[in-house]
Amino acid sequence: MKAWRTPGFLISVCLFLAIAVGMFGISRLLSGGDADDTSGFSLGFGDKDVVGLVRIKGNIFDAKKTVDSLTKMRRSSRVKSLLLRIDSPGGAVAPTQEIYEEVQRFRKTGRKVVASLGSVAASGGYYIASAADKIFSYPGTVTGSIGVIVVLPNAEKMLGKLGLSFNVIKSAPHKDMGSPLRPMTDEDRKIFQNLIDDTYEQFVAAVSRGRNMSVDRARKIADGSVYSGERAMKLGLVDSLGSQWDAALEAARFAKIEGEPRLFEIKSREGFLGMFNKSVMGWLNGGASSYFGGSPVMLQYMWR
C-alpha cells in the first residue's frame with residue numbers, strides 16, 4: 001500500500017485541513033470581515049466634530065496603513081484635529097519619513113496635531129512625534145535615541161568553517177558592499193558613513209524645525225542617548241507631562257471642541273493571521289533579517 005493511502009496519512013491531512021479552516025474562521029470572526037477593510041469611513045457621531053486618533057505601535061517597517069489612515073483623516077472635514085499615540089522604538093528610515101510627511105500634510109490644512117508618547121517613543125517614533133504641534137509624554141516614557149544605525153553582519157568565517165564559498169561577479173567594486181560574504185573595506189565604510197551622516201542630518205533638521213530649536217542645539221541632544229519623558233521635557237523634546245487623555249483634551253482645545261472630545265480611529269481589520277503576520281513575520285522580514293543578512297541593508301531610525 002502506498003504511503004499516501006494509509007489511514008495515518010489521510011488522518012494527518014484531515015487534521016491539517018481542519019486546523020487551517022479553523023484558523024481562517026477565527027480570523028474572520030476577530031476581524032469582522034475582510035482584512036484591511038477601511039472602506040465606508042463612517043464617523044458614526046452624527047454631525048459632531050471629532051478628534052482623529054492614529055496609533056503608531058511597534059517597529060516601523062511599512063508605512064502604508066498608517067499613511068492611509070492619516071490621508072483619510074486629512075480628507076474628512078469632520079476631523080478637526082489629530083491625536084498621534086506613539087509607542088514605538090522606531091524602524092526603517094524611509095517608512096518613518098513617509099509617515100512624518102503625511103502628518104505634515106495634515107498640519108498644512110490648518111489643523112493641529114498633538115502627540116502622546118507611550119512606554120517607548122524613541123528614534124523613528126520620536127522622529128514622527130517631532131512633526132506634531134505639541135508633544136505629551138509620561139515621566140517614565142523612554143524617548144530620544146535621535147540617530148541612525150545600520151547593522152552589517154559578516155558570515156565569512158562561519159561559512160569557511162562549513163566549507164562554503166561564493167563566487168561573486170559584479171559590475172563595480174562597491175556593488176556588493178555590505179555583503180555578509182566578504183569583509184568591509186575602508187572605502188566601503190566611508191560610503192556607508194556618508195549615507196549614515198546624510199540621514200542623521202535629516203533627523204536633526206526635523207527635530208530642529210519641529211521643536212523650534214537651533215540646529216546646533218538639536219545636534220547636541222541627538223547623540224543617540226535615550227531620555228526619560230521628564231528629562232526630555234527639560235531638554236525641549238517634550239512640551240508637557242501627561243496621559244493620552246490629557247493629549248486628547250489638548251487636541252480638542254486646539255479644535256475648539258467643547259465638552260468631552262469624541263475620538264475617531266480607523267481600525268484595520270486584520271484578524272488573527274494578519275496580527276500574527278504583522279507582529280512576527282513583519283519583524284522577521286524587516287527587523288531581524290536586516291541583522292542576519294537575510295534582506296538588503298536597511299538604514300534604521302531604531303533604538304537598539
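Up top is the structure.
Cut-offs applied
Residues numbered from 1 in each chain as written. Predicted model: local features only at pLDDT ≥ 70, side-chain atom pairs only at ≥ 80, totals over all residues. Heavy atoms only, no water. Helix = DSSP H or I, 4+ residues; strand = E, 2+ residues; numbered from the N terminus. Buried < 20%, exposed > 50% of the residue type's maximum accessible area, 1.4 Å probe, protein only. Contact = heavy atoms within 4.5 Å. Areas by Shrake-Rupley, 256 points an atom, 1.4 Å probe, with all protein chains shown as cover. Axes fitted to C-alpha atoms, helices over the stretch in contact; angles between N-to-C directions. Parallel < 35°, antiparallel > 145°, perpendicular 65-115°, else oblique. Nonpolar A, V, L, I, M, F, W, Y, C, P; charged D, E, K, R; others polar. Expected span 1.5 Å × (residues − 1). Pairing = 2+ DSSP bridges. Right-handed = clockwise from strand over helix to strand, strands pointing away. Salt bridge = Lys/Arg side-chain N within 4 Å of Asp/Glu carboxyl O. Phe/Tyr/Trp six-rings, centres within 6.5 Å; stacked < 30°, edge-to-face > 60°. Lys NZ or Arg CZ within 6 Å of the ring centre and 35° of its normal.

For the chain, the count of helices and strands is 10 helices and 10 strands. When the 304 residues of the chain are sorted by exposure, 40% land in the buried category. Restricting the contact set of the chain to residue pairs at least 6 apart, pairs at least 24 apart contribute 76%. In the structure as shown, the chain presents an accessible area of about 17,000 Å², 57% of it carried by carbon and sulfur atoms.

At a closest axis distance of 10 Å, the pairing of helix H2 (residues 64–75) and helix H3 (residues 93–107) adopts a crossing angle of 5 degrees. Taken together, H2 and H3 sit at an angle that is classed as roughly parallel. Contacts from Thr66, Val67, Leu70, Thr71, Met73 and Arg74 of H2 reach H3 at Glu98, Ile99, Glu102, Val103, Arg105 and Phe106. Residues belonging to the contact of H2 with H3 are distributed by class as follows: 6 nonpolar, 2 polar and 4 charged.

Here the focus is H2. Taking 1.5 Å per residue as the helical rise, H2 with its 12 residues ought to reach 16 Å, and the 16 Å between its terminal C-alpha atoms agrees with that figure. Those residues of H2 not exposed but buried are Thr66, Val67, Ser69, Leu70, Thr71 and Met73. Where H2 is buried, its residues meet strand S1 (50–57), strand S2 (79–88), H3 and strand S9 (263–265).

The subject of this paragraph is the pairing of S1. Among the 8 residues in S1, 6 count as buried, and that is most of the element. The sheet contact formed by S1 and S2 spans 8 bridges and is parallel. From the neighbouring strand, Val54 faces S2, where its bridge partner is Leu84. Between the parallel pair S1 and S2, the chain is carried across by H2, and the sense of this crossover is right-handed.

This part covers the pattern of salt bridges. Proximity of charged atoms lets side chains of opposite charge pair with each other. This structure, assessed with the given rule, holds 14 salt bridges. Its salt-bridge partner being Asp176, residue Lys170 comes within 2.9 Å of it at the nearest N-O pair. Residue class for Asp176 comes out buried when judged on its relative accessible area of 13%. When the shortest N-O distance is used, the salt bridge between Arg253 and Glu250 registers 2.7 Å. With Arg253 and Glu250 both in helix H9 (residues 244–254), this residue pair falls 3 residues apart, about one helical turn.

Between its first and last C-alpha atoms helix H6 (residues 186–210) spans 36 Å; for 25 residues at 1.5 Å apiece the expected length is 36 Å, and the two agree. Residues of H6 that are buried include every one of Asp188, Phe192, Ile196, Thr199, Tyr200, Phe203, Val204, Ala206, Val207 and Ser208, and no others. Elements in contact with the buried residues of H6: H3, helix H4 (124–129), helix H7 (215–221) and strand S10 (300–302). Two residues or fewer past H6, Asn212 is found with a positive phi of approximately 55 degrees.

Moving on, we get to the packing of aromatic side chains. Counted according to the given criterion, the structure contains 4 aromatic pairs. Ring geometry for Tyr100 and Tyr127: centres 4.9 Å apart, planes at 70 degrees, overall edge-to-face. In this pair, Tyr100 is assigned in helix H3 and Tyr127 in helix H4, connecting sequence segments 27 residues apart. Tyr127 shares its class with Tyr100; the two are buried. Following the ring pairs from residue to residue traces out a cluster consisting of Tyr100, Tyr127, Phe203 and Tyr301. Between Arg111 and the ring centre of Phe106, over which it is positioned, the NZ or CZ distance is 4.4 Å. Above the plane of the ring of Phe254 lies Arg253, whose end atom (NZ or CZ) is 5.0 Å from the centre.

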